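The chain contents come next:
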Amino acid sequence: GMAGIRLGMVFAHEELVGYLSRVKYPYNINSLTQDAALKQLVGPRTMENWVRLVLEERARMEQFLGNLEFVKEIFPSDANFLLVRMEHPSAVHDFLVSRGIIVRNRSSEPMCEGCLRITVGTGQENLELFQALTDYGQKIN
C-alpha cells in the first residue's frame, strides 16, 4: 500500500483549486510520490522497485553529503528524506532555491538547529542536487 508516503489530493471546482493554489506551499509532490500514487491508481503493482530505488538513492545521497566539508552531521533515516546539519544552512538553502532545488530549512526548529531536510529524489534530481552542492562548496572556498 501507500502507507509510507505523504500525499494529499483535492478534486474541486476550478475556482476553489485556483484559491488553494495561491495559499499552498510553492512545491508540489515529488516525482517519486507522484509515480507511486500513479502506480497505485493504475493497478496493484508491487512497490518493491520503488522502495529499492529510494533506499539506493538515499545511500548514495548520504555518501555524497558525508564528503562535503560544510556538512556536520547526517541523522539516521528510515524515510525518503535526510535531516542534515550543516554550516550556514540558510545560505545553502537559498543557494539551492536559486537553482530551482527545494529543500526544507528546519534550522530554526528546536532539536533541528542548523539542519536542512533533503528529500531523496530520482537519480537525475539527486545528480542536480549534488552538482549544486558541489558548486556551493567551491563558491565558499
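Coordinates for the structure precede this section.
Residues numbered from 1 in each chain as written. Predicted model: local features only at pLDDT ≥ 70, side-chain atom pairs only at ≥ 80, totals over all residues. Heavy atoms only, no water.

Within the protein, the secondary structure is distributed over five helices and four strands. At a minimum sequence separation of 6, the contacts of the protein that also span at least 24 residues come to 59%. Accessible surface, the protein: about 9300 Å² in total, of which carbon and sulfur atoms supply 54%. (Helix = DSSP H or I, 4+ residues; strand = E, 2+ residues; numbered from the N terminus. Contact = heavy atoms within 4.5 Å. Areas by Shrake-Rupley, 256 points an atom, 1.4 Å probe, with all protein chains shown as cover.)

A word on the packing of helix α3 (residues 48-66) against helix α5 (residues 123-140). Two elements in contact, α3 and α5, have axes whose closest approach is 11 Å; the angle formed by their N-to-C orientations is 5°. By the angle class used here, α3 and α5 are roughly parallel. In contact with Glu-57, Arg-60, Met-61, Phe-64 and Leu-65 of α3, α5 contributes Gly-123, Asn-126, Leu-127, Leu-129, Phe-130, Leu-133 and Thr-134. Here the contact of α3 with α5 is composed, by residue class, of seven nonpolar, three polar and two charged. (Axes fitted to C-alpha atoms, helices over the stretch in contact; angles between N-to-C directions. Parallel < 35°, antiparallel > 145°, perpendicular 65-115°, else oblique. Nonpolar A, V, L, I, M, F, W, Y, C, P; charged D, E, K, R; others polar.)

This paragraph deals with the sheet that holds strand β2 (residues 81-86). Spatial ordering of the open sheet is given by β1-β2-β4-β3, a layout of four strands whose pairing is antiparallel. A strand with exactly one partner marks an edge of an open sheet, and here the two such strands are β1 (71-74) and β3 (104-105). (Pairing = 2+ DSSP bridges.)

As far as function goes, none of this settles anything; it's purely spatial.
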